[in-house]
Amino acid sequence: MLYYLGWEIINLFIKIFICIIITKTIGDHMNKMLLAVCLCCAALFAVNSSAWAADSDLTVLTGDSTKNYSEMNYTLFSAVAAFGVLDLGEAVKFTAPVPGWKLQKVRILAFSEFNETNETYMPDRNIMIEIRDKDLKLLYKFADTQNMYFLATQPIFAEIEIPEVKVTGDFYVIYYDRAAAPIGKVDVDEPGNSFLFQNGALESAKFAFEDTNETIAFNWMIEALGTK
Amino acid sequence: MVGISAASNEKSSNDEILYSYEGNLTDKNILPVDLVSFIGSPALFFAETVKLNAPKSDWKVNAVQLYAWDGFNGTSESAPSERIIGLEIRDKDLKLLYKFADSQLPYSNYAHNATLMYPLTIDVPQIPVSGEFYICFYDRGAVAVAAEPINETSKNSFIYVAEGNRLINSTLPTGENLVTPVNWIMAVSGN
């Protein structure tokens, strides 16, 4: 619980920070009502507290790792940078705690960089998520601009709310970074529940180096949140 | 001041249309409002929201329409750059039923070579709703949405605040210690 609250407090400050840096960078849409902005930020602060209380009812499925992400030694991965393709997704297999478990949010660690020095950031581009059942049948699909979720000076674990999707047994959350917001990955010795997904097929998330015969596997930093 | 186009592409089949307003739009004083300009960057996570009542249980929403203006006034300099707008449908408890995001360009007045507020229509998969439900539109500064200033706080127009999953009154700051209540101009078709 303490970890959860701690994370939510960090999340709040990240979102306020996003507001501040967007304010700085889209001046053409801003007017001078700074007082209103401050009041709204204050309102957001109050509002967030109640949201967290509600969120505490959600069960968090952590996929491959049960560690606090701040303790992990993660790096960023982009399917476009690694393979030059836009249609490859980073997938994590979860298991619903009970049949008909209601998936309501996904949490993804990713990064759309805000450069503090020159106050610039990437133009809006789309990222996408999919929810698929154990047979990879598509249950839900959504695309939106990366900057609404991951714009920050460092990678952040952002929540994406989804309409309730009922899942039973194994299911998959798939994130398409599209080079807009690379995803966090943790290197591991053995492949776990993390995969690469493309053209309806899954492959374990690992790289094989032909010259050294070495294989490196990794876990995507994706979590699933829902209720019974 | 931006006028409102007489054009309309509301559904004309057997669909039933629910309106967030009464009367004729041409008789109203309509203002284009984008929340980011009025409130500031927190409004990127705020949505113009109307509460509607489904005519019967499991009534199926199939399109949402509002009037919007993307800044295009007929000059090449005013051609809008691509931004992303968002739409949500929520039930009476604000539980998310449907969520959609896309570029504003295929929908807004620029695509129709119109220089006034123009019907912005988003078709949605049939979403069953019962009783009261909410349409939440995130302009994200990409378009200004038609709003009717009113004298008293609206009972069915709101601003939805994503953080905290809550509604606040649809009032706009119009000066020091001054706010103006507004009704958002929206229509929903379904069957």
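Above this text sits the structure in question.
Nothing here was measured: the structure is a model prediction, and the numbers come from that model.

1. Re the pattern of salt bridges
Alright, step 1. All told, the structure shown has 14 salt bridges over all chains when counted by the stated rule.
Alright, step 2. Measuring nitrogen to oxygen at the nearest pair gives 2.7 Å for the salt bridge that ties Arg90(B) to Glu161(A). Within this pair, whereas Arg90(B) is found in strand 5 (residues 84-91), its partner Glu161(A) is found in strand 10 (residues 156-167), the two belonging to separate chains.
Alright, step 3. For the salt bridge of Glu164(A) with Lys95(B), the shortest nitrogen-to-oxygen distance reads 3.0 Å. Remark: Lys95(B) occurs in the loop between strand 5 and strand 6 (96-103) and Glu164(A) occurs in strand 10; the pair is interchain, linking two chains.
Alright, step 4. Each of the salt bridges in this network shares a partner with another, and the network as a whole consists of Lys105(A), Arg107(A), Glu159(A) and Glu223(A).

2. As for the sheet that holds strand 5 (residues 112-115) of chain A
All names here are of chain A.
Alright, step 1. Strand order in the open sheet formed by three strands is 6-5-9, and the pairing between neighbours is mixed. Only two strands of the sheet have a single partner each, and these edge strands are strand 6 (120-121) and strand 9 (151-152).
Alright, step 2. Note that strand 5 and strand 6 share two bridges and pair antiparallel. What sits directly across from Asn-115, in strand 6, is Thr-120.

3. Notes on the pairing of strand 9 (residues 144-149) of chain B
Residue and element names in this part refer to chain B.
Alright, step 1. Of all six residues making up strand 9, five are buried, and the element is well covered by its neighbours.
Alright, step 2. Here three bridges tie strand 2 (residues 31-33) to strand 9, and the two strands are oriented antiparallel to one another. Residue pairing in the sheet places Val-33 in a bridge with Val-145 of strand 9.
Alright, step 3. Pairing analysis gives three bridges linking strand 9 to strand 13 (residues 178-184), with the strands arranged antiparallel.

4. Section: the side chain of Gln146(A)
Alright, step 1. Structurally, Gln146(A) can be placed in the loop between strand 8 (138-145) and helix 4 (147-150).
Alright, step 2. At a separation of 3.1 Å, a polar atom in the side chain of Gln146(A) contacts the main-chain carbonyl oxygen of Pro123(A).

Each value, and the rule that gives it
- Residues numbered from 1 in each chain as written.
- Chains lettered and ligands numbered in written order.
- Predicted model: local features only at pLDDT ≥ 70, side-chain atom pairs only at ≥ 80, totals over all residues.
- Heavy atoms only, no water.
- Salt bridge = Lys/Arg side-chain N within 4 Å of Asp/Glu carboxyl O.
- Helix = DSSP H or I, 4+ residues; strand = E, 2+ residues; numbered from the N terminus.
- Pairing = 2+ DSSP bridges.
- Buried < 20%, exposed > 50% of the residue type's maximum accessible area, 1.4 Å probe, protein only.
- Polar contact = N/O pair within 3.5 Å; in protein donor to acceptor, adjacent residues only side chain to side chain.

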